[in-house]
Amino acid sequence: MESSRLKISVIIKLEPDFSEGNVSYNSDGTLNRAETKSILGPHSAVASMAALHAKVMHGADVSVGTMGPPIAEQALQQSQLLCDADELHLYSDRIFAGADTLATAEVLRTGIDKMHDGEKSDIVFSGHRASDGETGQTGPQTAWKLGYPFFGNVIDFSVDVENRLARVTRLVPIQGLYDVIEEIEAPLPIFITIHPSYKPTFTTVSQRLSFFKCQKEARDRAALYKNYLKTFTAQTLGVDPKLVGLPGSPTIVYRVEKIPRAKTSRMAEIIEGSNQDQIRAVAKKITDMIKVKEI
Amino acid sequence: MEKFDVAIVGGGSAGLAALKQLSNLGKQAVLLESGKAIGSKSISGGILYSKKPKHGRAYNVEDVYGQEFVTEAPLERSITKYILHATSNEKVFSIDLSSAHSYQTNFAYSVLMNKLNTWFAKQAGESAEKYGGGIIPGVHVQSIEWNNGATIVETNELERFQVKAIIAADGVNSEIAELTGARQKFVPEELYQGAKVIIKLPEQIMEQRFNISENDGAAHLFSGDIAQRHIGGGFLYTNRDTISLGGVYHYDSLLEKVVEPYELINKLILNPMVREFVKDEVPQKEEIDKTLPKEEQLRIRFAVSKLIRTWQDLRQSYYSTSGTEDLIKSGKYKTREEIVARLDMIRKDLSSKYRTRFITDYVELEYSAKLVPDGKRCRMKKPNHKNVLFVGDAAGRGIFVGPRIEGINVGIDDAVRAANAISRSLDRNNFDYEYLGGFYAHSVDESPYTRDMKQIDKDYLKIFLNATKDIPKDIIGSRYSMIFKLMSSETFRGLAVGFANILGYDRLLPILESEETYSKVPIELAEKLGKRLTSDYRPSIPSIAERVSKLKYDDDTVSHIKVNKPTSEFMKKMVLLCPTKCYSIEDNQVVLQHEGCIECGTCAPETQWRHPRGEKGISYQYG
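Residues numbered from 1 in each chain as written. Chains lettered and ligands numbered in written order. Predicted model: local features only at pLDDT ≥ 70, side-chain atom pairs only at ≥ 80, totals over all residues. Heavy atoms only, no water.

Bringing the overall build of chain A into the picture now. Counting secondary structure elements, chain A contains 7 helices and 11 strands. By principal-axis analysis of the C-alpha atoms, chain A measures approximately 70 × 50 × 45 Å. Scored against the burial criterion, the 295 residues of chain A give a buried share of 42%. Surface summary for chain A: the accessible area is close to 17,000 Å², and the carbon and sulfur share equals 55%. Positive and negative side-chain charges in chain A, numbering 34 and 36 respectively, have mean positions lying 3 Å apart. (Helix = DSSP H or I, 4+ residues; strand = E, 2+ residues; numbered from the N terminus. Buried < 20%, exposed > 50% of the residue type's maximum accessible area, 1.4 Å probe, protein only. Areas by Shrake-Rupley, 256 points an atom, 1.4 Å probe, with all protein chains shown as cover. Lys, Arg positive; Asp, Glu negative; His and termini not counted. Charge placed at Lys NZ, Arg CZ, Asp CG, Glu CD.)

The subject of this paragraph is the overall build of chain B. The helix and strand inventory of chain B stands at 25 helices and 30 strands. Since a compact globule built from 623 residues should have a radius of gyration of about 25 Å, the 25 Å found for chain B is in line with a globular shape. The principal-axis extents of the C-alpha atoms in chain B amount to approximately 75 × 65 × 60 Å. Expressed as a percentage of its 623 residues, the buried residues of chain B come to 59%. (Rg over C-alpha atoms; globule rule 2.2 N^0.38 Å.)

So, on to the pattern of salt bridges. Residues and elements named next belong to chain B. Inspection of the entire model under this criterion finds 57 salt bridges over all chains. The salt bridge involving K41 is made with E599; its shortest N-O contact spans 3.0 Å. Of this pair, K41 sits in the loop between β3 (29–33) and β4 (47–51) while E599 sits in the loop between β28 (589–592) and β29 (607–609), placing them 558 residues apart in sequence. The burial state of K41 is the same as that of E599; both residues are buried. (Salt bridge = Lys/Arg side-chain N within 4 Å of Asp/Glu carboxyl O.)

With that out of the way, let us pick up the nonpolar core. Within soluble globular proteins, side chains that are nonpolar generally end up buried alongside one another. Residues and elements named next belong to chain B. The biggest cluster of nonpolar side chains holds 61 residues, and the ones touching the most others in it are F210, I243, L245, M574 and Y583. L245 has contacts with A195, K196, V197, I199, F235, L236, L268, I269 and V274, leaving out every residue within four places of it along the chain. Among the nonpolar cores identified, the runner-up in size contains 48 residues, and I38, V61, A169 and I422 belong to it. (Core = buried A, V, L, I, M, F, W, Y, C linked by side-chain atoms within 4.5 Å. Contact = heavy atoms within 4.5 Å.)

The omega torsion across L188 of chain A and P189 of chain A is 0°, close enough to zero to call that bond cis. Within the secondary structure, P189 of chain A is located in the loop between β9 (180–187) and β10 (190–194). With an omega of -5°, the peptide bond running from G45 of chain B to G46 of chain B counts as cis. The topology assignment puts G46 of chain B in the loop between β3 and β4. Look at N89 of chain B: it is not a glycine, yet its phi comes out positive at around 45°. Its location among the elements puts N89 of chain B in the loop between β5 (77–88) and β6 (91–96). For D587 of chain B, which is not glycine, the phi dihedral falls at a positive 50°. Residue position: D587 of chain B is located in the loop between β27 (583–586) and β28. When its relative accessible area of 77% is taken as the criterion, D587 of chain B is described as exposed.

All right, on to the interface of chain A and chain B then. The interface of chain A with chain B comprises 13 residues on the first partner and 24 residues on the second. For the chain A and chain B pair, buried surface summed over both sides reaches about 1,500 Å², with 59% attributable to carbon and sulfur atoms. Remark: the boundary between chain A and chain B carries 0 salt bridges. At the surface where chain A touches chain B, the tally comes to 4 residue pairs in polar contact (both at pLDDT 80 or more). Sorting elements by how many residues they give to the side of chain A that touches chain B places helix α5 (residues 205–223) of chain A first, with 7 residues. Across the side of chain A that touches chain B, the residue classes tally to 5 nonpolar, 4 polar and 4 charged. (Buried area = accessible area lost by both parts, 1.4 Å probe. Polar contact = N/O pair within 3.5 Å; in protein donor to acceptor, adjacent residues only side chain to side chain. Nonpolar A, V, L, I, M, F, W, Y, C, P; charged D, E, K, R; others polar.)

Residues and elements named next belong to chain B. Side chains V6 and I8 of strand β2 (residues 6–9) all project onto a buried face; the interleaved residues A7 and V9 project onto the opposite face, where all are buried too. Relative to β3, β2 runs parallel, the two being bridged by 4 bridges. Across the sheet, residue V9 finds its bridge partner in β3, namely L32. Taking the sense of rotation as the criterion, the β-α-β connection linking β2, helix α1 (residues 13–24) and β3 turns out right-handed. (Pairing = 2+ DSSP bridges. Right-handed = clockwise from strand over helix to strand, strands pointing away.)

All names here are of chain B. Under the counting rule described, the total for this entry stands at 9 cavities of 30 Å³ or more. Around the second largest cavity sit 16 residues that line it, and V172, N173, K185, F186 and A604 are the ones nearest its centre. No other element matches the 3 residues that helix α6 (residues 175–180) contributes to the lining of the second largest cavity. Among the residues forming the lining of the second largest cavity, the class breakdown is 8 nonpolar, 4 polar and 4 charged. (1 Å grid on protein atoms, 1.4 Å probe; cavity = no way out; pocket = protein on both sides within 12 Å on 5 of 7 lines; lining within 4 Å. Points joined across faces, edges and corners; volume = space filled by probe spheres on them.)

Before going further, it helps to examine helix α1 (residues 42–58) of chain A. Residues and elements named next belong to chain A. Compared with an ideal rise of 1.5 Å per residue, which puts 17 residues at 24 Å, α1 spans 25 Å between its outermost C-alpha atoms and is within 8% of the ideal. Of all 17 residues in α1, 13 are buried, a share of seventy percent or more. G59 lies just past α1 and shows a positive phi near 65°. (Expected span 1.5 Å × (residues − 1).)

Moving on, we get to the sheet that holds strand β1 (residues 2–3) of chain B. One key point about sheets: their strands pair by backbone hydrogen bonds, in either a parallel or an antiparallel sense. All names here are of chain B. Here we have 4 strands laid out as an open sheet, ordered β1-β11-β10-β9, and mixed in their pairing. Looking at strand neighbours, the two that pair on one side only are β1 and β9 (141–147), the edges of this open sheet. Direction of pairing for β9 relative to strand β10 (residues 150–155): antiparallel, over a ladder of 6 bridges. Bridging from a neighbouring strand, V141 pairs with T155 of β10.

Along its sequence, chain B is carved into domain 1 (2–76 + 111–183 + 380–454), domain 2 (283–361) and domain 3 (551–619). Centre-to-centre, using C-alpha coordinates, domain 2 of chain B lies 40 Å away from domain 3 of chain B. (Domains from an automatic or database assignment.)

Looking now at the side chain of N114 of chain B. Residues and elements named next belong to chain B. Relative to the helices and strands, N114 resides in helix α5 (residues 113–129). Taking the relative accessible area as the measure of exposure, N114 reaches 15% and is therefore buried. Each residue touching N114, except ones within four places of it in the same chain, is listed here: I38, G39, S40, S42, Y620, Q621, Y622 and G623.

The subject of this paragraph is the environment of I523 of chain B. All names here are of chain B. Along the polypeptide, I523 turns up in helix α23 (residues 515–529). For the pair I523 and S223, spaced 300 residues apart in sequence, the C-alpha separation works out to 8.0 Å. In contact with I523, not counting residues within four places along its chain, are T87, S88, G224 and D225.

Now for the layout of surface pockets. Residues and elements named next belong to chain B. Quantified by volume, the largest pocket comes out at close to 1,600 Å³. For the largest pocket, the lining is made up of 38 residues, of which V282, P283, Q284, K285 and I308 are closest to its centre. Of all the secondary-structure elements, those providing two or more residues to the lining of the largest pocket are β17 (280–284), α11 (294–318), α13 (336–354), β18 (357–361), β19 (363–373) and α24 (544–549). Broken down by element, the lining of the largest pocket gets its largest block of residues, 8 residues, from α11.

Another aspect to go through is helix α12 (residues 321–329) of chain B. Side chains that are three or four residues apart share a direction in an α-helix, a result of its 3.6 residues per turn. Residues and elements named next belong to chain B. If you check which residues of α12 are buried, you get G323, T324 and L327. Looking straight down α12, one finds its buried side chains confined to an arc of 95°; they lie on one side. Just past α12, the residue G331 takes up positive phi, approximately 90°. (Arc of directions from axis to C-beta.)

Next up, the structure:
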């Protein structure tokens, strides 16, 4: 029955590529945004993988949305490559600029309502946090605006589509102790932020076959991602201008402090010579170091 | 438990052909491959043949994948020259065997297995999908169980599932054969050990050097002193812009006179003819001045590496028609002259700024090794067990008759026969031993390849003898002159071959495959008739450690090999015979370090040998 098909939505973010060799800083230590390449954020990638998991297990419809400048469609493309999305949403308007997490959540909430031809999403996934903002607020606030029960730090989930029930496994950090694993059952719809340690597993032949099929479809789709892309402005999205962008952002940034650069404790040394000699020299270095530590 | 019609174990060229053929027949099949990706564990010499035997039918690669195979598959070069060289020190005597090579041959292409199997997998996978099947890499089959008429496949990675029939295409070290008890492990007398290196050489330099046209290629075989008195020989095949160079030696002759497999390759590389074949212009970095500041040293190191890489890539494109076209099409360069100018500029930069020297040497890309079944000795008489059908190397099927070496095409022929047999069983829902296995065994028995593994083909022999007719018979030795005389006469040849075939290969092989044939006679030929060749550079041959360090592994934490008796004589020989030196001796006991293992199976006769778990172990880039 088509109407019982799961509807999965994912919210993602285009972030600076902090991987080695790609990131560039200004002389004052702040990020040089012009020089640094932007990519799909690593946490958004994990959320996209969770959506693919749901698609493989239950044959879900997947929509992905993001708020950002026009270039953010690259992140949508990268996400589609991971989750074989059926629909991509870009919410892009100058008046969205300067948004804090709450104003962003307002845009995303409105966007999610427009996904799946306006039908309600069963599960919304978001990343744990963004690698540039690091607040981890946008997900929960969007959940709150949607009125969906929220589950953070999720490391695994399963869905009983027929009975419209989800079972999620999440890490609950308790200060000073190890993380506790909590398993919760909840009726759909729900909002999930995925923990970075999440790794989808496919344990039957059919799941693997379906996984590869989706991956292949995703490659084909992402090559023509524009066919799946819908771009919304504030007007076409129908958001209240007072709730988005700078006017919709109650957050006041009082001060930004630079994280002091850690003192370099690593020293690289290149050992020359033939293989045997090199290994001997490296081994000696290591044993010397251990000796020093022991003293 | 999930149910599927057919499981194919192993994603080499035979397993993939089985999957494609089953899909061609509209049947559902799932192929399980233990490597991270299809092709990552496949290697071959390698030449892929398509044959047109006079008697019987061979199922060829194009029968499975369609005629587009020839135009679309990533084939290297069409091998049109086939030359055997007898070597002794600097002397080489050559015999053109191109006519024997083209005997009953539609085409023969040099291939690199990783690329080719990836293409096969794309075709087979897409077809299989239509019938609810497909390819699953990264899965290692652990056991097969028969329970109340159900056949259950168990893997390290997935839940158990049920099938109606299985095709075992898991190679020469077939675990399925061992698990099911379908056959004993192969013993050294039944095997060859092959080792190979891939050498880089720009396209047009290759074409000029080997005197071949743009799409054609050459195969050169070597026997004589390069064999170091072992039974077997060396080979050199031209690929598009690489060379496959290696040796294949009978395993028991290696056990008798133990030698490191890479030493045999090294000996071959040092032969003056081979040295001249593989040589190229190679940049050699100059030592960086140690008195410079550390940062400056690093900067120079990176700058030199980058320039060299650019120079190599550009040169590779420059010496290739399509490469040059692509460069000009991309708009980066307008003419060939511009590319030359840029190449010169980088070269000048490298030599003047960084004192890089350009020397004559050769460049190795990948080292590999595998065991090869000698079909004459070890083909399974009944390549079936219950509802499991064995194909290709797993069934011990490879053709080694004098200079004729075939394997990939044999595996494909088996695979088609197995797929056809299973399709017939699926149609009737009859998987009885006779209806399925008996039918398949009979079909394999009718294969022209099986005939070639059993007896001498007198027409092939005639062509071979014709090619060697100018050789003075006294050199060939008293042992063979009688045979040669008989065989050279039209009337006697039929009788002689008939008589030889009555004797059977079993009794003929010790005469045909001997040190005399592979070493002594060629050395004498080279000494007496050979041309003296020279090569005035010394190739810098990488050590085995350097060769292994270039390979890509995903090491498992546990070893997939367990040594049975660390003090046995056989295991002590592994210290030298293991192609990647995984064995060493400590306190008179043989110790294994599995991390460098390339899964050839050389040590399998006296170890508990398994393939690594899914995704683990070696991943070849060329194969």
